[in-house]
Amino acid sequence: LLETILPMAITILIGFIITLLLIPSVSKFMFKHGIIGIDVHKLDRPKIPELCGITIVIGVTVSAIIFSLFYPEQNIWILAFVSSTLIAAIVGILDRITKIGPRLKPVLVALGAIPIIFLAVYNPYPEFPFIGATRLTIIYPLLIPIALAVTANSVNMLDVFNGSMTGTCSIAILGMIICMLMMGRVDAAALAAALLGSLLAFHIFNKYPAKVFAGDVGSLFIGGSIGVLAIYGRIEVAAITAMMPHIMNAFYGLATVGRLYERKEISTRPIRVLEDGRLEVNKDSKAPITLARMILAQRPLKEFEVTRRMFILSTVSAILAVLTQLLIIWW
Amino acid sequence: LRAIFGLILIIFFVWLTMLIGLVVIFVSLPLLILTLSKTIGRFFESITVVGIASVMVIIWLVIWKELAFRYFSKMIAERQ
């Protein structure tokens, strides 16, 4: 039990403490240098320091390096994890500086698959419920870039409300950790715990009313990390299930607009703010159908109420993910 | 809560059809491979198999989309 809990406790604590300590100074730096975003879902539209997700990047990376002390045999994997996720984070920073666009962004994030493929750290025999282990030696490496692009961009697209991305991802990662422990993958669970620790620390500042924004650097890094952890932990199907609210949100938006898009380029916003501060669905048929719009379809809600409903949906998905993993084990 | 219940049902449906879809794909592919490799060769066989699997995935995506969009339209109509 100690061998299971100790590495996880250490990585989660390191991730949590580093992120928690960095946020105040990083947010001050961002605000001072005009790296700010407007909180569009508030009546007074406050200016919030952006790109603070860099604290999650640092927290998880330092924690992953310390993790390698516990599992020196996994050093190649740590190298693959750190380099793949850093590629996603760099894409996030580049997007802030140069606006690389909605079509190029997923392609660049998909480049994060290169270290995993070239270091050959993946296992092309994924297990499925009712089927068991499969042999996907040709298809599997081709699916890795797609997996990273999908997870990173779907997490990015759910970063719409205060705490929505950090909260839903924390729940999804918790579900993934349980799945990894069920499979006896303590090493993968410890690495995922580092991400969970960082996310929980960030959530304290990002929850309603937000004091910091993660920005693309944070959301792409987290999404990329989830993709890499699913491959490392060999819980691919369970991870897809845990990420269902994110994937559905991205897919429905994509299906309505008919192409990859940035939130800023959508002329008809899916949500509008009422005079009493509540959020109301935009009934215009041109507005993309997103998860938030579906939640708000019945009646207007306060921002934190919408986020809470997203957490419930994520919890349901995380439970289904654990159930999926149980089906794999039982079969 | 009703809105959440509807979305929970959608998530459950998507999960269930995903599992059924995976079983259908992985059960049917070996049969396809056995049949096709004898007639059209391995290269075209791989292309055909990936194509068929992709079409199946697209069909499921369309079902999920229609389900969600109908749910959304129904909710809006009920309010009005």
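Above: the structure in question.
On a predicted model such as this, the values are computed, not experimentally measured, just so you know.

Bringing the overall build of chain B into the picture now. When helices and strands are counted, chain B shows one helix and zero strands. Counting the 80 residues in chain B, one finds 36% classified as buried. Once local pairs closer than 6 in sequence are excluded, the contacts in chain B between residues at least 24 apart make up 71%.

In this section: the interface of chain B and chain A. Interfaces are frequently sized by the accessible area removed from exposure as the parts join. At the interface, 28 residues of chain B touch 38 residues of chain A. Carbon and sulfur atoms supply 83% of the area that chain B and chain A bury against each other, a total of about 3,000 Å² over both sides. Summed over the three residues of chain B that lose the most area to chain A, namely B:I11, B:F72 and B:R79, the buried surface amounts to 23% of that side. There are one salt bridge connecting chain B and chain A. When the shortest N-O distance is used, the salt bridge between A:E280 and B:R79 registers 2.7 Å. Taken together, the links from chain B to chain A amount to five residue pairs in polar contact (both at pLDDT 80 or more). Looking at the side of chain B that touches chain A, its residues break down into 24 nonpolar, one polar and three charged.

The next point concerns helix α6 (residues 139-157) of chain A. Along an α-helix, residues three or four positions apart point the same way, because every turn accommodates 3.6 residues. Residues and elements named next belong to chain A. Here α6 is 19 residues long and its end C-alpha atoms lie 27 Å apart, about the 27 Å a rise of 1.5 Å per residue gives. Along its length, α6 reaches its greatest deviation from straightness, about 25°, at P145. For α6, the secondary structure elements touched by its buried residues are α4 (104-110), α5 (113-118), α7 (164-182), α9 (215-233), α10 (236-242) and α11 (244-257).

Let's shift gears to a positive patch on the surface. Judged by side-chain charge, A:R45, A:K99, A:R263, A:K264 and A:R269 come together as a positively charged surface patch. Here A:K99 is to be found in the loop between α3 (75-98) and α4.

Judged by side-chain polarity, A:I138, A:I139, A:L142, A:L143, A:I146, A:V150 and B:V50 come together as a nonpolar surface patch covering roughly 600 Å² of accessible area. Sort the elements by how many residues they give to the nonpolar patch and α6(A) lands first, with five residues. Mapping A:I146 onto the fold places it in helix α6.

Our focus in this paragraph is the environment of A:I23. All names here are of chain A. Mapping I23 onto the fold places it in helix α1 (residues 2-32). With 32 residues separating them in the primary sequence, I23 and T55 have C-alpha atoms 6.2 Å apart. Filtering out sequence-adjacent residues up to four positions away, I23 remains in contact with T55, A201, F202, F205 and V212.

All names here are of chain A. Between helix α8 (residues 186-206) and α9, whose axes approach to 9 Å, the crossing angle comes to 165°. It follows that α8 is roughly antiparallel to α9 by the angle criterion. As α8 packs across α9, the resulting crossing turns out to be left-handed. Counted together, D187, A188, L191, A192, L195 and L199 of α8 and F221, I222, S225, I226, L229, Y232 and G233 of α9 form the full contact between these two elements. Along the lines of polarity and charge, the residues of the contact of α8 with α9 split into 10 nonpolar, two polar and one charged.

To continue, consider the packing of aromatic side chains. A complete count under the given rule lists eight aromatic pairs over all chains for this structure. Their ring planes at 40° and their centres at 5.0 Å tell us that A:F67 and A:Y71 sit as a pair that is tilted. With respect to burial, A:F67 and A:Y71 carry one shared label: buried. Centre to centre, the rings of A:F128 and B:F26 are 4.6 Å apart; their planes meet at 35°, and the pair counts as tilted. Taken as a pair, A:F128 in strand β3 (residues 127-128) and B:F26 in helix α1 (residues 2-79) lie in two separate chains rather than in one. The residues A:F128 and B:F26 share a single accessibility class, namely buried. Taken together, the ring pairs connect A:F251, A:Y252 and B:F69 into an aromatic cluster. Sitting over the face of the ring of A:Y232, A:R185 holds its NZ or CZ atom 5.1 Å from the ring centroid.

About the criteria used
Residues numbered from 1 in each chain as written. Chains lettered and ligands numbered in written order. Predicted model: local features only at pLDDT ≥ 70, side-chain atom pairs only at ≥ 80, totals over all residues. Heavy atoms only, no water. Helix = DSSP H or I, 4+ residues; strand = E, 2+ residues; numbered from the N terminus. Buried < 20%, exposed > 50% of the residue type's maximum accessible area, 1.4 Å probe, protein only. Contact = heavy atoms within 4.5 Å. Buried area = accessible area lost by both parts, 1.4 Å probe. Salt bridge = Lys/Arg side-chain N within 4 Å of Asp/Glu carboxyl O. Polar contact = N/O pair within 3.5 Å; in protein donor to acceptor, adjacent residues only side chain to side chain. Nonpolar A, V, L, I, M, F, W, Y, C, P; charged D, E, K, R; others polar. Expected span 1.5 Å × (residues − 1). Bend = angle between axes of the 7 residues up to and from the residue. Patch = residues over 30% accessible without salt bridge, like charges linked within 9 Å, V, L, I, M, F, W, Y side chains within 5 Å. Areas by Shrake-Rupley, 256 points an atom, 1.4 Å probe, with all protein chains shown as cover. Lys, Arg positive; Asp, Glu negative; His and termini not counted. Charge placed at Lys NZ, Arg CZ, Asp CG, Glu CD. Axes fitted to C-alpha atoms, helices over the stretch in contact; angles between N-to-C directions. Parallel < 35°, antiparallel > 145°, perpendicular 65-115°, else oblique. Left-handed = near helix turned anticlockwise from the far one by under 90°. Phe/Tyr/Trp six-rings, centres within 6.5 Å; stacked < 30°, edge-to-face > 60°. Lys NZ or Arg CZ within 6 Å of the ring centre and 35° of its normal.

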